[in-house]
Structure formats: structure tokens, C-alpha cells
Amino acid sequence: MVHSSTRPAGRPGTADIPEQSTSEQPQPPLRQSTEIQGDVIAGFKKDHVQLIFAKFKDRRRARTWLRRLSGRIATTKDVAAFNTSFSRARRYAAGEDPVDLAAVWRGVAFTYQGLTELLDGAPLTDIPKGSTQEAFAQGPARRKEIVGDIEDSDPARWLFGGEEQHAIHLVLTLAADRHADLQAALEEERAWMAAQHVAVVFEQEGNTLKEGLRGHEHFGFKDGISQPGVRDFDEEDPGRPDYHRTKPGTRLITPGEFVVGMTPDHRYPAALPRWMRNGSFQVVRRLAQDVPGWWGQIEQNLKVLQEAGAAPKEATKEWVAARMVGRWPSGAPVAKCPDADVAAPPCADSDNDISFADDLDGRTTPLFSHLRKTNPRDGLLPRRDSPTVVEEDGMLDGRRLMRRSIPYGRPYDPQGTPGQRADAPRGLVFICYQSDIAAQFEFVQSTWVNADNFPERRDAVGRDPLIGRDTDVSFPASSDTTTTCPLRFERFVRTEGAVYAFTPSLTALRELAEGRVPVGGDPPSDQVVTGGTALRRLEVISAYKARFRLEGNNYVIRDENEHRLWSSDNTNPAVAGGTFTEDGDLVLNGPRGEAVWSLGTGGHPGATLVVGADGDVSIRTAQGETVWHSDTAH
């Protein structure tokens, strides 16, 4: 229980976790992590959540506040063990929550401004354009155009996180199974914050919806189904490598996509300071949902579809809504249940074993559906004339987010209390974790969700109508033709606040509290790229004075002020990506992987590409001999 006297010393706020059977198989290594904060890999999964956005008024007192808090932060090991016991007890109770097993978890993350205040100086010195460092330093309000927070979602309208509002230095998360336990923990934390001059700027609550809407969001759809699994945390299916053993269809993603300092999937990692290892970047967004507007527009468009012969006469609003989401309200995928909703049995996981390989043009599950816009799976044909689909292993796995969202507000009921009416606040507290904000959250928002024609087709696909901006979409008129029916959807979800923050490891929290984290990060050092590395647009390899990128159809080297120092001389416009080959050549590749340009430095197996801290970029043999360099040192 939450207030048990047998709680381990120094770990207040955690539950008494039943001992695990000694006959069980050894746990994957990440389940034992006492460094990674809980909720990053092991989700809190609580019915009641409160986020406290606050700012520091006194650096010395802020460190005193953090010193006490750091001993109360939940670890991955804490949360994973509890969740295992909770799930087991729930199965024994035929899907009912166990009444005698509860916990209160705490997590904390800091904004760039907050770290600057704690350190008495900037946490990062090297901030390349287009990098996660830049996204973190600027914050979401300054990057509104990238993620689509314009018009009625403009930061000028936000409740928190806007540039004209109080600065936010930290996000403190409290999560509990029981509302009373959460309130008690909140009172305790608020009192300690006030005593140390940590001022509360805004508070955001979140609660699981009750009864028939439990596990659903306010539009009525089951949420959080398509979460990725994590390698070395979740068990792999021995009969289906790269997939979760007990959750069919759930791919195992390398932990480096969510945890800084671990190797990401086919992407060169950002050059972040060592103290940020075992941490994760957190994105928080308050997303208001217009429930009557959602169902009203769907009803109008159902009539349009039926009049055009693009929907059966017996089709319902749910039939249209399911195609916008990609799932029916129960969570059943349209790909498997195109005609009607088929709910899963009690206590069973929702179906995540979905393939779009036989529906590349979105005739069954539309290409604009939320499910396909945010996770294309095995059905991403970038252009209609593309020779092959994009492999999940690589770029697609590397865009996944670990989502920890929860609804806020009361369900819509036009006949209910004032808190249930159309103008009452309700929506989703969107929370996600990743190792690279720019390459993951912002990429998905800008390149997929809010892109008019992603993937590219003759009739523009349209934006994701569920969470994107106003859009015209091309609705498939039937399953066996290329005909589409144009539909118009106005925005249903608007942003009312946003924060980018960093969730440090437990060791880093203690170092921050003790003032031992260096201002500016680590000293400049060379970045060494091994052979066989893919080099993609929008990615940067930075060593402070040299920033190496694939820009447009050429490799470019820029200095610390983003001035161009060198460029490849390629004139072929058919560049799809680049490679530093295993034998030491720098190559630009065409759509089918063919070389359309090369530096001509091949023939040196084991060679490395060195992006130097002095501004020079070179290719060196395995013996250390320089076979080429850019002559851009300065």
C-alpha cells in the first residue's frame, strides 16, 4: 500500500511491490534500470495524473528542492515491477483493478530555461540548426510553424508555454491509482515547493474516463494501443524476431530511440553531453477536443459520401469516423474489420497485429487516417510509382514515440451538468518521450501529420483530419478502383499549451542538485562515423566548428555560425540519401540505392569519416592515414 511502513528507506511515494517468483525467467536488463526515470520506458499507467509546471526563483533553494525530490523519483525498475504485479492481479480478477495494490509515482523534467537557471549558464554550447538541441533550446512556441500550431492553436492563445507567459523551468509529474493518494502527494509537493521558492505557473490534471469510456479518449475511441515495444525491456517473440512475445504486431524498437546515450535505429545520434545519458526528451501538449464538432462534421460528410455512392446506404457515423482514425471505437482495426466494430474479449489486449501491405493505396484504411499518418507500418509506398515500400526496420522504427497521454475534463453530454456541455474544457494531455525531438515528434507532425500529400498520390491525400489542421482529404470511393471523393474537415483538436523538457537520469538529478553539471556541456570533440552509415536529409553530424549535413542534393559543411565552408559538386537531382560506405567512400544514392555521385575515396575497408572539432572534415584509413580532408579548419 502507498503508506506502508515497510517501504524501502529513501523511496517515499512508491508501492509495496510483491516479491516476484524465483521460477520466472531472468528479466530483460532494462527492467532492472535504477538510472532511467519511470514513465520513459515503463509507463506510469495511472488513472489520475497531475502535471505541475513551475519556475525557480532562487538557484540555491532550487537545488535544495531538487536534492530532496531526487530521492523520491520513480525508476524504471520500480515501475516495471509494479506494473507486472498489477497486470497479473488484474488477470486473476477477470479484468478488474486490484483494490489492494496502489502506488504514487513522481517524475521530473526540465526545460532549457530551467537547466540554464539551475546551472547558472547554458546547458549546451553546440546547437546546430535543425537538431534536437535547437528544438529543445527554442521550445515549442518558437517552432509553431513546424508542428502546425498556428491560427486558433497559436501560442498567443495558450494557457501555458507561450513566449509572453510566465517562464516554465520544470514539469513535475505525479501519478496515482487513487485520487485521494494523488491529492495527498500534491499537498506535500506544493508545500515543499513553496518553502524553497519554486513557484507554480500552471497545473494540468488528467483522469482516466469512467465506465464505458474507460481507456478511451473524448471522441470515444480506445487510445494508446499502438505503443512500441522496447528491445531489452520487453521479451522478443522467438518465432517472430523483432516483435513482442505477448503482444502480436508490436515491434520491438531499440531503446536508443527513447533514451539518450543508447544507439538509435539507423540514425546518427545527437552530440549531447555525457550527463544527459539515460535521460529522455519529453513533449507535453494540452490538446482541446471539440467533441460535438467532430461528430457533427462526420455526420455531414457521411451524407456527402452516400450521395456520391462512396459509402454504403447503411453506413453510420462510426463507419466514417473509424476510417478517419483507422480503428473502430473498441480499438478493432479497420484493416481487419472493414464493415463493423468487433470488440475484444474482456482483459484482452486490443489488436495491434495490423498489415497494410495489401492496401498500399489506402482503399480499406485511408492513407489520411490517423493510424497510417502516425505509424505507416509495412504499407508506406512514398509515391505511387515507388518500386518498393519503406522498410520498418530503419527510418520508420526511428520515428516512433513513447506516448503517455491521458484525458482531461468530463465527457461531453449536452443534457448533463455545466462541466459536460460543449464549451466545458476537455481534451487530451499528450505526453511523449524520445531521444530526438526534431527527428521524432516534430518530424511526424510536420512531414506526416500536417503534410497535404503524404504519401504522394495523384489525388492529394490530405492532412491527418483527427489531429491536424483544416484539410481536404481524398476519401476512397470504393475498394477496387482509384476513384476518390473529396471531403472537407475543419480542425477538431487545437493546442492550448506545450512544453519541451528533458527528463534526466537519477544520477544526473543528483549532479544537478549538487551543482556538478558543467555549463555548456562537454568540451568540443571530434565525431567519428564508421563505414556503412546512412546519411539522411535533416540530420546533422556536429563537432561544434564543423557541421556536416546532406542538404538538398549535396553534402555540405558549415561552421558554428552556419556559414557554408564546403559543398560536394553533385549536379544530379535524383538524390534520395547518402552513405559513408564500409570501404571509406562518401556516396550520394538515387531512389533505388544506386550511386549518383561519390567522393572517390573507396578501397579503404575500416575507414572512418571524422567531423573535426577544429572545423575540418576528413576520411581516415583504419591505420589513421588521411586520404581526404575538406581543408575547412578554422
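Given the structure is predicted, the values throughout are model-derived calculations rather than measurements. (Residues numbered from 1 in each chain as written. Predicted model: local features only at pLDDT ≥ 70, side-chain atom pairs only at ≥ 80, totals over all residues. Heavy atoms only, no water.)

Peer 1: Explain the overall build of the protein to me, please; I cannot follow it from the model alone.
Peer 2: A tally of regular secondary structure across the protein gives twelve helices and 25 strands. Its C-alpha radius of gyration of 25 Å places the protein within 12% of the 26 Å reference for a compact globule of 634 residues. Taking the principal axes of the C-alpha coordinates as reference, the protein spans close to 75 × 65 × 55 Å. Counting the 634 residues in the protein, one finds 55% classified as buried. Surface summary for the protein: the accessible area is close to 26600 Å², and the carbon and sulfur share equals 48%. Separation between the mean location of the 76 positive side-chain charges and that of the 90 negative ones in the protein comes to 4 Å. (Helix = DSSP H or I, 4+ residues; strand = E, 2+ residues; numbered from the N terminus. Rg over C-alpha atoms; globule rule 2.2 N^0.38 Å. Buried < 20%, exposed > 50% of the residue type's maximum accessible area, 1.4 Å probe, protein only. Areas by Shrake-Rupley, 256 points an atom, 1.4 Å probe, with all protein chains shown as cover. Lys, Arg positive; Asp, Glu negative; His and termini not counted. Charge placed at Lys NZ, Arg CZ, Asp CG, Glu CD.)

Peer 1: I would appreciate a short explanation of helix H11 (residues 438-449) in the present structure.
Peer 2: Residue pairs three or four apart in sequence face the same way in an α-helix, which turns once every 3.6 residues. Relative to the 16 Å expected for twelve residues at 1.5 Å per residue, H11 spans just 14 Å between its end C-alpha atoms, considerably shorter than the ideal helical length. Counting buried residues along H11, ten of its twelve residues qualify, which places the element largely inside the surrounding structure. (Expected span 1.5 Å × (residues − 1).)

Peer 1: How should I be thinking about the pattern of salt bridges in this particular structure?
Peer 2: It is possible for side chains of opposite charge to pair when their charged atoms get near one another. Taken as a whole and assessed by the stated rule, the structure comprises 45 salt bridges. Between Asp-39 and Arg-404 there is a salt bridge; the shortest N-O distance is 3.9 Å. Of this pair, Asp-39 sits in the segment before strand S1 (48-56) while Arg-404 sits in the loop between strand S8 (402-403) and strand S9 (406-408), and the two are 365 residues apart along the sequence. Look at Asp-39 and you get buried, because its relative accessible area is 5%. A salt bridge links Arg-240 to Asp-353; its shortest N-O distance comes to 3.2 Å. Remark: Asp-353 occurs in the loop between helix H8 (317-325) and helix H9 (370-374) and Arg-240 occurs in the loop between strand S5 (229-230) and strand S6 (252-253); sequence separation between them is 113 residues. (Salt bridge = Lys/Arg side-chain N within 4 Å of Asp/Glu carboxyl O.)

Peer 1: Is there a simple way to explain the sheet that holds strand S21 (residues 586-589) in this structure?
Peer 2: Hydrogen bonding along the main chain pairs the strands of a sheet, whether they run parallel or antiparallel. Spatially, the four strands line up as an open sheet ordered S15-S20-S21-S22, and their pairing is antiparallel. With one partner strand each, in any of the chains shown, strand S15 (533-535) and strand S22 (595-598) form the two edges of the open sheet. Between one strand and the next, the sheet's axes are offset by a mean angle of 30°, whatever the strand orientation. Pairing of S15 with strand S20 (residues 577-580), which is carried by three bridges, proceeds in the antiparallel orientation. Looking at the pairing, Ala-534 lines up with Thr-579 of S20. (Pairing = 2+ DSSP bridges. Axes fitted to C-alpha atoms, helices over the stretch in contact; angles between N-to-C directions.)

Peer 1: What exactly am I supposed to notice about the sheet that holds strand S17 (residues 547-551) here?
Peer 2: Spatial strand order, S16-S17-S18-S19: four strands in an open sheet with antiparallel pairing. Across the chains shown, the open sheet's two edge strands, defined by having one partner strand only, are strand S16 (540-542) and strand S19 (564-567). Averaged over all adjacent pairs, the angle separating strand axes in this sheet is 25°, with direction ignored. In this structure, strand S18 (residues 554-558) lies alongside S19, joined through three bridges in antiparallel fashion. Paired with Val-556 across the two strands is Ser-567, which belongs to S19.

Peer 1: Can you help me understand the pairing of S21 in this one?
Peer 2: Looking down a regular strand, the side chains alternate between one sheet face and the other. Of the two faces of S21, both are covered, the one formed by Leu-586 and Leu-588 as well as the one formed by Val-587 and Asn-589. Summarising the sheet, S20 and S21 pair through four bridges and their orientation is antiparallel. From the neighbouring strand, Gly-578 faces S21, where its bridge partner is Leu-588. The antiparallel hairpin formed by S20 and S21 contains five residues in its connecting segment, where Gly-584 sits at a positive phi of about 95°.

Peer 1: What should I look at first to understand helix H3 (residues 112-119) in this one?
Peer 2: Buried within H3 are the following residues: Tyr-112, Gly-114, Leu-115, Leu-118 and Leu-119. All buried residues of H3 project into a common sector of 160° when viewed along the axis, lining one side. Looking at the buried side of H3, the elements it contacts are S1, helix H1 (59-70), strand S2 (104-110), helix H4 (132-138) and helix H12 (506-513). Asp-120 sits one or two positions beyond H3 and adopts a positive phi of about 60°. (Arc of directions from axis to C-beta. Contact = heavy atoms within 4.5 Å.)

Peer 1: Quick question: what am I supposed to make of the nonpolar core here?
Peer 2: A general feature of soluble globular proteins is that nonpolar side chains tend to end up buried together. Trp-65, Leu-66, Val-108, Phe-110, Leu-170, Trp-294 and Leu-305 are the most contacted members of the largest nonpolar core, which totals 81 residues. In contact with Leu-170, other than residues within four places in its own chain, are Ile-52, Phe-53, Ala-54, Phe-56, Trp-65, Val-108, Ala-109, Phe-110 and Val-198. Core analysis: the next-biggest nonpolar cluster, separate from the first, contains 38 residues, Phe-202, Val-259, Met-402 and Val-499 among them. (Core = buried A, V, L, I, M, F, W, Y, C linked by side-chain atoms within 4.5 Å.)

Peer 1: What is the right way to look at the confidence of the model for the protein in this model?
Peer 2: Predicted coordinates in areas of low pLDDT are best not read in detail. Counting all residues, the mean pLDDT for the protein is 93, and 96% of those residues have values of 70 or more. Across residues 1-23, confidence stays below pLDDT 50; counting only partners more than four residues off in sequence or on other chains, it has 49 contacts. (pLDDT = per-residue confidence, 0-100.)

Peer 1: Quick question: what am I supposed to make of the side chain of Asp-126 here?
Peer 2: Summarising the element assignment, Asp-126 is placed in the loop between H3 and H4. A distance of 3.0 Å separates a polar atom in the side chain of Asp-126 from the backbone nitrogen of Tyr-544. At 2.9 Å, the side chain of Asp-126 forms a polar contact with the side chain of Arg-547. Setting aside its immediate chain neighbours within four residues, Asp-126 contacts Gln-133, Ser-542, Ala-543, Tyr-544 and Arg-547. (Polar contact = N/O pair within 3.5 Å; in protein donor to acceptor, adjacent residues only side chain to side chain.)

Peer 1: How should I be thinking about the side chain of Glu-442 in this particular structure?
Peer 2: Turning to its location among the elements, Glu-442 is positioned in helix H11. On the basis of relative accessible area, Glu-442 is assigned to the buried category, the value being 3%. Not counting residues within four places of it along the chain, the set of residues in contact with Glu-442 comprises Ala-135, Arg-143, Ile-146, Val-147, Ile-437, Thr-447 and Tyr-500.

Peer 1: Help me understand the packing of aromatic side chains, please; the structure alone is not making it clear to me.
Peer 2: Two aromatic rings are characterised by how far apart their centres lie and by the angle between their planes. The final tally for this structure, using the stated rule, is 27 aromatic pairs. Between the aromatic rings of Phe-53 and Phe-160, the centroid separation amounts to 4.4 Å while the plane-to-plane angle is 25°, which identifies the pairing as stacked. Of this pair, Phe-53 sits in strand S1 while Phe-160 sits in the loop between helix H5 (144-147) and strand S3 (170-176); the two residues are 107 residues apart in sequence, bridging distant segments of the chain. Phe-160 matches Phe-53 in its accessibility class, with the two residues each being buried. Here Trp-294 and Trp-295 contribute two aromatic rings whose centre-to-centre distance is 5.9 Å and whose plane-to-plane angle is 85°, an arrangement assigned as edge-to-face. (Phe/Tyr/Trp six-rings, centres within 6.5 Å; stacked < 30°, edge-to-face > 60°.)

Peer 1: Help me out: how do you make sense of the environment of Ala-175 in this one?
Peer 2: Mapped onto the elements of the fold, Ala-175 is located in strand S3. Residue class for Ala-175 comes out buried when judged on its relative accessible area of 0%. Sequence spacing of Ala-175 and Trp-105 is 70 residues, and the spatial spacing of their C-alpha atoms is 5.2 Å. Each residue touching Ala-175, except ones within four places of it in the same chain, is listed here: Phe-44, Lys-46, His-48, Val-49, Ala-103, Val-104, Trp-105 and Leu-182.

Peer 1: Explain unusual backbone geometry to me, please; I cannot follow it from the model alone.
Peer 2: Most of the time, phi is negative for any residue but glycine, and the peptide bond is trans. Going from Phe-454 to Pro-455, the amide bond is cis rather than trans, its omega being -10°. Mapped onto the elements, Pro-455 comes out in the loop between H11 and strand S11 (471-476). In this structure, Asp-242 is a non-glycine residue whose phi angle is positive, near 80°. Within the secondary structure, Asp-242 is located in the loop between S5 and S6. Non-glycine residue Asp-631 carries a positive phi angle of around 55°.

Peer 1: Whenever I open this one, the packing of H1 against H12 confuses me. Can you help?
Peer 2: H12 packs onto H1 with a crossing angle of 155° between their chain directions and a minimal axis gap of 8 Å. Viewed along their axes, H1 and H12 adopt a mutual orientation that is roughly antiparallel. In this structure, H1 meets H12 at a crossing whose hand is left-handed. Contacts from Arg-63, Leu-66, Arg-67 and Ser-70 of H1 reach H12 at Leu-506, Leu-509, Arg-510, Leu-512 and Ala-513. In terms of residue class, the contact of H1 with H12 is made up of five nonpolar, one polar and three charged. (Parallel < 35°, antiparallel > 145°, perpendicular 65-115°, else oblique. Left-handed = near helix turned anticlockwise from the far one by under 90°. Nonpolar A, V, L, I, M, F, W, Y, C, P; charged D, E, K, R; others polar.)

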